[in-house]
Every structure is written in C-alpha cells, then in structure tokens.
Amino acid sequence: MGKALDEMAVARYRRDGYVTPLRACSPEQAEAWHQDVLRCCAEAERPVSDTGIRQPSTRVKPYLLFPWAADLVRHPAILDAVEDVIGPDILIFHTTLWWKAAGTEGFVPWHQDATYFGLAPHEHVTAWIALTPSTEESGCVTILPGSHKHGQLPHADRKDPRVMLSRGQSVAVDIEERAAVPIPLKPGQFSLHDTLVLHASAPNRSSHDRIGLGISYIPARVKHVGPTRLSATLVRGENRYGHFDLEPRPQAEADAAALTAHADSIGRFWIASESIPEMKLVH
Ligand SMILES: O=C(O)CCC(=O)C(=O)O
C-alpha cells in the first residue's frame, strides 16, 4: 500500500501509463484556485518564437509567481500519489496552466510530454488537476493506454495558433483513435500520466472555460541532458544530486523577487526546449 495509491493503482499506472481519477482537494478549494487563476493569469498574449507559439508567460510555471500556485503544486494529496510512482525525492520540472476558453478552437495534438523536455531517464510524471469541469465536451485530456511502452516516438513541429503546445509538436505516427480513452475530471480531481504516454485533447465545445494545471514532477535523480543548466523546485524529500538550480518559493504575489525568479527559470526553459532539434528522425 502506498501513501495514496494501492498496489493495483500503481500496477495500472505502469501498465496503461496513467491513473485517474484521484482526489486532490474539495470542489470549494478548486473553485478558490479557479478564482485565483482568473485574477492572475488572464493575460492571453502568446509570444511567438522561432520554433512555435508559447503559452502566455503567467501560465508557465505560475508557482514561481503566485503563493496560491506554490501551495497548489505542493498539495500533499498530489505529492503522495506522485511519490507512489516516482519515489520520495521530488522536484517540479515544469508546469503549464491549460486554459481552454469556452467555444474556442484551441486543441492539443497527440504527443508525448518527453519530447523536447530533454530529461533522462524517462521517469517524469504529469499530474493534471482540474479547476473547472473537464469533460469530453469541454475538451478533456484523452489518452492512448499502453502507448508509453513504445518509447520516444518521432514528432514534427506545427506552427498553428490553434495548437496549444509551445512547438506545436505532433507525433508523426498513425494513432489508433478507437483505442483512445477520455479522462474527464471534476474540479479538485486529478490524473497522473507517464511522460511517454500519447495524449491529446480536442477543442472546448462547451459554454464554460476548461481550466487545469499540468504539473511535471521528476525524481531528483533525473537529469536534463542539454547544455543549458535548468532550474527546478524541490517539493518533497532531498535533492542529493544537484542536477538543477533550486527555485525560490514566491513570498508575495508577483513581487520583484518572484518576477525575477520566474523570468530566469522560464527563459532557461525556453532556450533548452526550443534548441532541441525537431524529433522527426527519432525511432
Ligand atoms: O490540457 C490539455 O488539454 C493538455 C494537457 C497536456 O498535454 C499535458 O498536461 O501534458
């Protein structure tokens, strides 16, 4: 028996590449965080880079800017489940706030998170926590069970403003869509998915915004293989490896120190992830 997952749930995660639904917090707490998102992350401008179109900067690593987001990514119920799959020494490598406005065309093509993260070994897990209802109608995450067993697959970049991934990365193999499983979540619930499992999400056809946070956790032994030294946040256990510079927790909402730490961290992240060559030739 783990801290949050029983043996069957861990076995399902290893076999299918995901486990869902899990409970992080009450619907009331999720609604409070939803209101924080509306107040702090409404900026919608997506900076264009040489390789694609980035998410608005307040939606990337918001836990470095806002104390409420720093609490969210350290929520014990999420960390307990993460610990059950990657062990007790846990860093946050990345986080994206996925905000799909009601009735908009934004979507996420089939991809593996490992593409362009440059992490080794492939032990990263993403916790996706819903702050509003995430349903098939509102474009919830859909997973291809067991696809993580194929290893890193080739991806091609796609510069399309409707694509919500920073490089528009789309897997360059045929997907057996009939085998795909939607993973709807209620506010306060979360899923865990493996860094190599194929997943996607469709446009939001509902009349409400679909908002969730995808938090990338890694065991402290994982390293970044590129030339840029990156930063990460220690949220549980020890960091005996020193593979990353440790990030500070924000003391006040978007104060000068938080803005500096955030700009430094996401600046390094963009350099690293955007300089990895297109992965068309991976096989
Ligand atoms: O929120 C979405 O629709 C996509 C999320 C995703 O790709 C991820 O968390 O890895």
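Residues numbered from 1 in each chain as written. Predicted model: local features only at pLDDT ≥ 70, side-chain atom pairs only at ≥ 80, totals over all residues. Heavy atoms only, no water.

Some remarks on the overall build of the protein chain
- Looking only at helices and strands, the protein chain features five helices and 15 strands.
- Against the compact-globule benchmark of 19 Å for 283 residues, the protein chain has a radius of gyration of 17 Å, which places it among compact chains.
- Oriented by its inertia axes, the alpha-carbon framework of the protein chain measures out at about 45 × 45 × 40 Å.
- Expressed as a percentage of the 283 residues in the protein chain, the buried residues total 59%.
- Long-range contacts, defined as pairs at least 24 residues apart, comprise 83% of the intrachain contacts of the protein chain with a sequence gap of at least 6.
- A total accessible area of about 11800 Å² is found for the protein chain, and carbon and sulfur atoms account for 56% of it.
- In the protein chain, which carries 29 positive and 34 negative side-chain charges, the distance between the mean positions of the two groups comes to 2 Å. (Helix = DSSP H or I, 4+ residues; strand = E, 2+ residues; numbered from the N terminus. Rg over C-alpha atoms; globule rule 2.2 N^0.38 Å. Buried < 20%, exposed > 50% of the residue type's maximum accessible area, 1.4 Å probe, protein only. Contact = heavy atoms within 4.5 Å. Areas by Shrake-Rupley, 256 points an atom, 1.4 Å probe, with all protein chains shown as cover. Lys, Arg positive; Asp, Glu negative; His and termini not counted. Charge placed at Lys NZ, Arg CZ, Asp CG, Glu CD.)

Regarding the environment of glutamine 55
- Mapping glutamine 55 onto the fold places it in the loop between α2 (27-40) and α3 (67-73).
- For glutamine 55, a relative accessible area of 7% puts it in the buried group.
- When the C-alpha atoms of glutamine 55 and glutamate 45 are compared, they prove to be 7.8 Å apart, with 10 residues separating the residues in sequence.
- In this structure glutamine 55 touches Arg46, Pro47, Val60, Thr96, Leu97, Trp98 and Met164, once residues within four positions along its chain are discounted.
- A polar side-chain atom of glutamine 55 sits 2.8 Å from the main-chain carbonyl oxygen of methionine 164. (Polar contact = N/O pair within 3.5 Å; in protein donor to acceptor, adjacent residues only side chain to side chain.)

Points about helix α1 (residues 7-16)
- For α1, the complete set of buried residues consists of Ala9, Val10, Tyr13 and Asp16. What you see down the axis of α1 is that its buried residues fit within an arc of 150 degrees, all on one side. For α1, the exposed residues lying more than 90 degrees away from the buried face are Glu7 and Met8.
- Buried positions along α1 lie against β1 (18-23), α4 (76-86), β5 (125-130) and β10 (189-194).
- Downstream of α1 by one or two residues, glycine 17 has phi in the positive range, about 90 degrees. (Arc of directions from axis to C-beta.)

So, the site of the ligand
- The environment of the ligand is made up of Trp98, Lys100, Val108, His111, Asp113, Thr126, Trp128, Val141, His193, His199, Ser201 and Arg210.
- One of the side-chain nitrogen or oxygen atoms of aspartate 113 is found 2.9 Å away from an oxygen atom of the ligand.
- Here an oxygen atom of the ligand sits 2.8 Å away from a polar atom, N or O, in the side chain of arginine 210.
- For the ligand, the protein covers 97% of the area, taking 300 Å² as the surface of the free molecule.
- More than half of the atoms of the ligand fall within 2 Å of the grid points belonging to the largest cavity.
- At the level of secondary structure, the elements contributing two or more residues to the shell around the ligand comprise β2 (90-100), β3 (108-111), β5 and β11 (199-201). (Near = heavy atom within 4 Å. 1 Å grid on protein atoms, 1.4 Å probe; cavity = no way out; pocket = protein on both sides within 12 Å on 5 of 7 lines; lining within 4 Å. Sits in = over half its atoms within 2 Å of the grid points.)

Some points on the pattern of salt bridges
- Tallied over the full model, the rule gives 20 salt bridges.
- In this structure, the salt-bridge partner of arginine 158 is aspartate 160, at a minimum N-O distance of 3.8 Å.
- Overall, the relative accessible area of 33% leaves arginine 158 in the partly exposed class.
- Between arginine 268 and aspartate 264 there is a salt bridge, with the nearest N and O atoms lying 2.9 Å from each other. Taken as a pair, arginine 268 and aspartate 264 lie in helix α5 (residues 256-275) at a separation of four residues, close to a single helical turn.
- The exposure class assigned to aspartate 264 is partly exposed, which follows from its relative accessible area of 39%.
- Through salt bridges with shared partners, one network takes in Lys3, Asp80, Glu83 and Arg236. (Salt bridge = Lys/Arg side-chain N within 4 Å of Asp/Glu carboxyl O.)

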